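Residue-level listing of the chains:
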Amino acid sequence: MSTNKLNKIPMVDLQEELNLLRKPILEMLIEVLDSGEYILGEKGEKLEKLVAQYVGASFALGVANGTDALLLSLQALDIGPGDEVITTPFTFIATGEAIVQAGARPVFVDIEEDTYNIDPSKIEEAITPHTKAIMVVHLYGKAANMREIMKIAKNNNLRVIEDACQAIGTQYNGKRVGAIGDIGCFSFFPSKNLGAFGDAGLITTNQKEVYERIYKLRNHGSEAKYHHSLIGMNSRLDEFQAAILLVKLYYLDIFLHKRKEVAKRYTEQLTSFLKTPSIPKNREHTFHQYCIELDKRDDLAAKLKGNDIASAIYYPIPLHLQKAFKYLRYKEGDFPIAEKAAARVLALPIFPMLSYQKQDHIISTIKDFLKDAP
Ligand SMILES: *Cc1c(COP(=O)(O)O)cnc(C)c1O
């Protein structure tokens, strides 16, 4: 490895986390290897139990990834062809993709300028007789305005699915996200706040019928081997990934705390120069991403790159302007707040093991840039 590479600051450094946890993880992996049980086994069941407890939900189900968690949730609620699902255009593609894969139609609603999450005040005008659910995203790890969203859902007889893929552990009014709506969906993609070393996901719910349906759907619609009461799919949790997640879950709160500390340092140093993340009252932010906003976003990204500092744009194109969703016939200008955010946000490196020394280098590089920028 060149010294150059060593000095680079990546968006997320999983290697340092692995160095810390290598021993317990290897011990767990050997246990799985020797157990002869590799899919939907004891480790997965333990993980389900512990994550359900952690999130504060009655039930949890391990699945293959976060995207499947969203799809299975829609299927569990019997949402499909002819149905509409309201969601945000400012999210990862998987949110909208799952709605289409379920056979339903995504209906986008613009976001709040300060939180980047769906704007509850604009939801009601998007409701039609076909609307079945709201798919809320807690973007970047910041809780959406669940109080208003749940109120609207109740008044209009809609279900609520929380895409909490970026927000495990995030509290909202003393509750954790994923346990507030009908169903919560989590991703354990390696770079997420709780990451496996491969694909994995999980669903939480307080409703027994939903739990029982997803229990079957994730495993070919079967409750007992070779007896199939539903058309399901293969979306099961792998025991190796569950084992890794069990080790990492133990450290999750410490890691989330570290993320919040890093975020606090960024905000203290940068907030008088550019837009830093807001944290509304009663809504926690666990900083899966730390996004700043500025006019000369692309110039700053280039400057950071020149100084061996990574940065990233989540997300450069809102869903309604993605080619894949062209058939929905949205156009530029339909969701101005989401479009403005897509043109201006820049995510800075953030991970629990980011040293103050490295962070100070990032901050001073940004300050240098702002000094030179006219
Ligand atoms: C990561 C992510 C997903 C998808 O999770 P996978 O495990 O990669 O399938 C869905 N929604 C959001 C908001 C995400 O960040």
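No experiment lies behind these values; they were computed from the predicted model shown.

Here is what the cut-offs are and how they apply
Residues numbered from 1 in each chain as written. Predicted model: local features only at pLDDT ≥ 70, side-chain atom pairs only at ≥ 80, totals over all residues. Heavy atoms only, no water. Core = buried A, V, L, I, M, F, W, Y, C linked by side-chain atoms within 4.5 Å. Buried < 20%, exposed > 50% of the residue type's maximum accessible area, 1.4 Å probe, protein only. Helix = DSSP H or I, 4+ residues; strand = E, 2+ residues; numbered from the N terminus. Domains from an automatic or database assignment. Contact = heavy atoms within 4.5 Å. Buried area = accessible area lost by both parts, 1.4 Å probe. Salt bridge = Lys/Arg side-chain N within 4 Å of Asp/Glu carboxyl O. Disulfide = S-S within 2.5 Å. UniProt positions renumbered as here; feature names shortened; annotations may be inferred. Axes fitted to C-alpha atoms, helices over the stretch in contact; angles between N-to-C directions. Parallel < 35°, antiparallel > 145°, perpendicular 65-115°, else oblique. Left-handed = near helix turned anticlockwise from the far one by under 90°. Nonpolar A, V, L, I, M, F, W, Y, C, P; charged D, E, K, R; others polar. Pairing = 2+ DSSP bridges.

(A) Geometry of the nonpolar core. Ranked by size, the top nonpolar core spans 51 residues in total, and within it Leu47, Ile86, Ile123, Ile134, Ile149, Ile168 and Phe188 carry the most contacts. Elements that contribute at least two residues to this core include exactly helix H2 (14–35), helix H3 (42–55), strand E4 (131–137), helix H6 (146–155) and helix H8 (239–270). Here this core gets ten residues from one element, more than from any other, and that element is H8. Inspection of this core shows a minimum of three residues originating in each of domain 1 (16–109 + 117–245) and domain 2 (252–372). Sequence-distant contacts of Ile168, that is, excluding residues within four places in its chain, are made with Val51, Tyr54, Phe186, Phe188, Asn193, Leu194, Leu252, Leu256 and Thr286. Formed by 25 residues, the second largest nonpolar core is a distinct cluster that contains Val63, Ala133, Met135 and Val210.

(B) Local environment of the domain arrangement of the chain. Under the domain assignment, the chain is made up of domain 1 (16–109 + 117–245) and domain 2 (252–372). The C-alpha-based centres of domain 1 and domain 2 are spaced at 25 Å. Domain 1 puts 40 residues into the contact, and the matching count from domain 2 is 36 residues. Buried surface at the junction of domain 1 and domain 2, summed over both partners, amounts to about 3200 Å²; 61% is from carbon and sulfur atoms. Inspection of the region where domain 1 meets domain 2 yields one salt bridge.

(C) Up close: the state of the cysteines. Enumeration over the complete set of coordinates arrives at zero disulfides. The thiol of Cys165 is unpaired, and the distance to the nearest cysteine sulfur, on Cys185, comes to 6.4 Å. Look at Cys165 and you get buried, because its relative accessible area is 11%. Residue Cys185 is classed as buried on the basis of its relative accessible area, which comes to 0%.

(D) Structural view of the pattern of salt bridges. Per the counting criterion, the structure on display carries 24 salt bridges. A salt bridge links Lys216 to Glu223, with the nearest nitrogen and oxygen atoms 3.5 Å apart. Taking the shortest distance from any N to any O, the salt bridge between Lys264 and Glu268 comes out at 3.9 Å. Residue Lys264 and its partner Glu268 are located together in helix H8, separated by four residues, close to a single helical turn. Overall, Lys264 belongs to the exposed group, its relative accessible area being 55%.

(E) Broad picture of the UniProt feature "active site" (unreviewed entry) in the chain. If you check UniProt for "active site" (unreviewed entry), the listed places come out as Lys192 in our numbering. Examined against the element boundaries, Lys192 turns out to sit in the loop between strand E8 (183–187) and strand E9 (201–205). By relative accessible area, which is 16% here, Lys192 ends up buried. Beyond its immediate chain neighbours, meaning those up to four positions away, Lys192 contacts Cys165, Ser187 and His288.

(F) Local environment of helix H4 (residues 66–76). Counting buried positions along H4 gives nine out of eleven residues, so the element sits mostly inside the fold. Looking only at H4, the buried set comprises Gly66, Asp68, Ala69, Leu70, Leu71, Leu72, Ser73, Leu74 and Ala76. Positive phi appears at Asp78, one or two residues downstream of H4, with a value of about 65 degrees.

(G) Spatial organisation of the packing of H4 against helix H7 (residues 208–217). In the contact formed by H4 and H7, the axes pass within 9 Å of each other and the chain directions differ by 120 degrees. One finds that H4 runs oblique with respect to H7. Both H4 and H7 take part in a crossing whose hand is right-handed. Between H4 and H7, the residues in contact are Leu72, Ser73, Gln75 and Ala76 and Val210, Arg213, Ile214 and Leu217, respectively. Split by residue class, the contact of H4 with H7 holds five nonpolar, two polar and one charged.

(H) Focus on the environment of Gly66. Residue position: Gly66 is located in helix H4. For Gly66, a relative accessible area of 6% gives the class buried. Once you skip the residues sitting within four places of it in the chain, Gly66 turns out to touch Cys165, Phe186, Ser187, Ala200 and Gly201.

(I) Focus on the sheet that holds strand E5 (residues 159–163). Strand order across the open sheet formed by seven strands is E1-E9-E8-E5-E4-E2-E3, with mixed pairing between neighbours. Strands with a single pairing partner mark the edges of an open sheet, and in this sheet they are strand E1 (59–63) and strand E3 (105–108). Averaged over all pairs of adjacent strands, the angle between their axes in this sheet comes to 25 degrees, without regard to strand direction. Bridge analysis of E8 against E9 gives five bridges, and the strand direction is antiparallel. From the neighbouring strand, Ser187 faces E9, where its bridge partner is Gly201. Of the strands in this sheet, strand E2 (84–87), E3, E4 and E5 are in contact with helix H5 (residues 93–101), which crosses E3 at around 140 degrees. Lying over the sheet, H7 contacts E1, E5, E8 and E9, oriented at roughly 20 degrees with respect to E1.

(J) Broad picture of the pairing of E4. With six of seven residues buried, E4 is to be regarded as a mostly interior element. Note: E2 against E4, four bridges, orientation parallel. Bridged to Ile86 within E4 is Ile134. Of the strand pairs in this sheet, E4 and E5 are connected by five bridges, and their pairing is parallel.

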